Amino acid sequence: MLNNMEQDEDEISLIDMINSIKGFFAELKKKWFLVSIIVLITSTLGLLYALNSKPKYVAASTVMLETSNSGGSMSGALALASQFGLMGGSSSSVISEEKLLEIIKAETIIKTALFKKATIDSTNDILANHFINLFGYKEKWENDSLKDFRFINQKENLSVQENGVFKMFYSQITKKFLTTEKSKSGIITITTKTKSELFSKYFNQYLVEAVTSFYVNRITEKGRKNVDIVQRRVDSITIALKDAEFALARWKDANFQLVKAQGMMAEIQLRRNVEVNNSIYIEGIKQLEIAKFSLLQQTPFLQIIDSPMLPLDSEGITSPIRGIILGFIIGCLISGIYVFARKKYADLMNG
């Protein structure tokens, strides 16, 4: 008996659902003119969007961070370098892809890239000024205090106004035009996407150059200082050795064929001075080579796997047919939701 009741309820629910669907389509049929208007409007909007859509050109560089590995004949030299205190620590402790991803989007890096020159639309200028021309700022500033604004100073000496404009550009670039990502294998992809094919290419290229230079210089700063210190010591020792050698030569010239005990003592002292300076010089040369080995060990570099090449891939272009179809589907959904909501409201009011 209970099973029969449940079966009857299921049949009633199914009938109600079928009746609701029939009522919905009947209401659509009644409102065919309104539905047609909505679909026509959305289809027209879809067509207009397709006709006015502009491509975005995608420039992508893939790079891999690498470091020198100790081993082989170099490992002995590096062990000796650590004894002299020339090893500034292993570079592996400071190098990471995550840090590199942050550095790529740093103001310093983007500013360095924007203030390099490129020829776009037959005009050779820094990318920052191309940015003004290509992305509508010139028109926006036509009746503004920034009318005819151009970057004229070097990136290290920007005026207050230039710095303010750069910060605005920096915000736009990091939000809309630049993306970075790292794969599980550690390969880093730097992507620039703009409506200018040449701007995308040059900006991407200059970003990679800027981050490579900045990163290597920062990581190897201590090692380079060590090399400079040892080099100055070697230069000083070289001068002292030459002075000692000249002093001995002058003494021999002045005391030619004179054999006196006092003269022999002076010669012994001068020879000893030359030998001591020569020993220090040889040791200094060894330390200099060790310092250079240490610097080489610490130096990371970005191995560029792929670079953007013309013509670039583009995206964001919508064909007119696709725009019409998309507008038609959206119009059907909007009109269907409207008719359904209106019918439900009417049923509740009548119920």
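Computed from a prediction, not measured in an experiment: that's the story for all the values here.

Parameters and conventions
- Residues numbered from 1 in each chain as written.
- Predicted model: local features only at pLDDT ≥ 70, side-chain atom pairs only at ≥ 80, totals over all residues.
- Heavy atoms only, no water.
- Helix = DSSP H or I, 4+ residues; strand = E, 2+ residues; numbered from the N terminus.
- Polar contact = N/O pair within 3.5 Å; in protein donor to acceptor, adjacent residues only side chain to side chain.
- Contact = heavy atoms within 4.5 Å.
- Phe/Tyr/Trp six-rings, centres within 6.5 Å; stacked < 30°, edge-to-face > 60°.
- Buried < 20%, exposed > 50% of the residue type's maximum accessible area, 1.4 Å probe, protein only.
- Lys NZ or Arg CZ within 6 Å of the ring centre and 35° of its normal.
- Pairing = 2+ DSSP bridges.

**Q** Sorry, what's going on with the side chain of Ser61 here?
**A** Counting through the fold element by element, Ser61 comes out in strand β1 (residues 56–67). Here Asn204 takes part through its side chain, which lies 2.4 Å from a polar atom of the side chain of Ser61. For Ser61, the contacting residues outside a window of four places in its chain are Ile188, Thr189, Ile190, Asn204, Val208, Asp306, Ser307 and Pro308.

**Q** It is not clear to me how the packing of aromatic side chains should be interpreted in this structure. Could you clarify?
**A** Between two aromatic rings, the relevant description is the distance of the centres plus the angle of the planes. The tally for this structure, following the rule as stated, stands at 17 aromatic pairs. Centre to centre, the rings of Phe199 and Phe203 are 5.7 Å apart; their planes meet at 25 degrees, and the pair counts as stacked. One end of the pair is Phe199 and the other is Phe203, both in helix α9 (residues 197–219) and four residues apart, which spans about a single turn. Residue classification places Phe199 among the buried residues on the basis of a relative accessible area of 1%. Since its relative accessible area comes to 1%, Phe203 is described here as buried. Three or more aromatic residues joined by ring pairs make a cluster, and in this case those are Phe115, Phe131, Phe135, Tyr137, Trp141, Phe149, Phe151, Phe169, Phe177, Phe199 and Phe203. Taking NZ or CZ as reference, Lys111 lies 5.0 Å from the ring centre of Phe166, over its face. One Lys or Arg, Lys140, reaches over the ring of Tyr137 and ends 4.9 Å from the middle of that ring.

**Q** Is there a simple way to think about the side chain of Ser196 in this case?
**A** Counting through the fold element by element, Ser196 comes out in the loop between β5 (187–194) and α9. When its relative accessible area of 9% is taken as the criterion, Ser196 is described as buried.

**Q** Could you clarify how one ought to interpret the pairing of β5 in this entry?
**A** Two faces make up the sheet, and in a regular strand the side chains alternate between them. Among the eight residues in β5, six count as buried, and that is most of the element. Relative to β5, strand β4 (residues 178–182) runs antiparallel, the two being bridged by five bridges. Of the residues in β5, the one forming a bridge with Leu178 is Thr192. Remark: four residues form the turn of the hairpin made by β4 and β5, two consecutive strands paired antiparallel; Gly186 in that turn has positive phi of roughly 95 degrees.

**Q** Is there a simple way to explain helix α6 (residues 127–134) in this structure?
**A** An α-helical segment advances 3.6 residues per turn. Residues three or four places apart therefore align on the same side. The element α6 is extensively covered by neighbouring structure, given that seven of its eight residues are classed as buried. Among all positions in α6, only Leu127, Ala128, Asn129, His130, Phe131, Ile132 and Leu134 are buried. Looking at the residues trailing α6, positive phi occurs at Gly136, about 80 degrees.

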